[in-house]
Amino acid sequence: MTKARVPLRVGFVGCGRVTQSLHLPALQRLPIAEVVAAADADSACLQRTADRYRIAKRYADAQALIADPAVDVVAVCVPPRFHAEIALAALDAGKHV
């Protein structure tokens, strides 16, 4: 008997150009992953990206996304100077990065 795979539930922190044009389209083609949340300080960018990729959960800051128990994996897609802070917070919360 084959065990059914549950998709990894991914939350994106950062909804900029690379997230929109590369990461989200690629991830949507993978049956083992489901994008469940997005966060961005730029509310217009967040809404535009979440609407385009049908992401229901939307957060104004990374900490709220990281605290969401429905998120298993945090994709850190922000400028490099913020990578460590967000990645460490996600790891401290028990998330995969």
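Preceding this section is the structure that the text describes.
Analysis parameters
- Residues numbered from 1 in each chain as written.
- Predicted model: local features only at pLDDT ≥ 70, side-chain atom pairs only at ≥ 80, totals over all residues.
- Heavy atoms only, no water.
- Disulfide = S-S within 2.5 Å.
- Helix = DSSP H or I, 4+ residues; strand = E, 2+ residues; numbered from the N terminus.
- Contact = heavy atoms within 4.5 Å.

Draft legend 1. Structural view of the state of the cysteines. This model, assessed by the stated rule, comprises zero disulfides. Distance from the sulfur of C15, which forms no disulfide, to the nearest cysteine sulfur (C45) is 5.5 Å. Left without a disulfide partner, C77 is nearest to the cysteine sulfur of C15, which lies 8.6 Å away.

Draft legend 2. Fine view of the environment of H83. Here H83 lies in helix α4 (residues 83-92). Each C-alpha atom of the pair H83 and V13 lies 9.9 Å from the other, and the pair is 70 residues apart in sequence. Among all residues touching H83, those that are not within four sequence positions of it are V76 and V78.

Draft legend 3. Fine view of the side chain of T49. With respect to the helices, strands and loops of the structure, T49 is situated in helix α2 (residues 43-52). For T49, the residues in contact, after removing those within four places along its chain, are C15, Q20 and L24.

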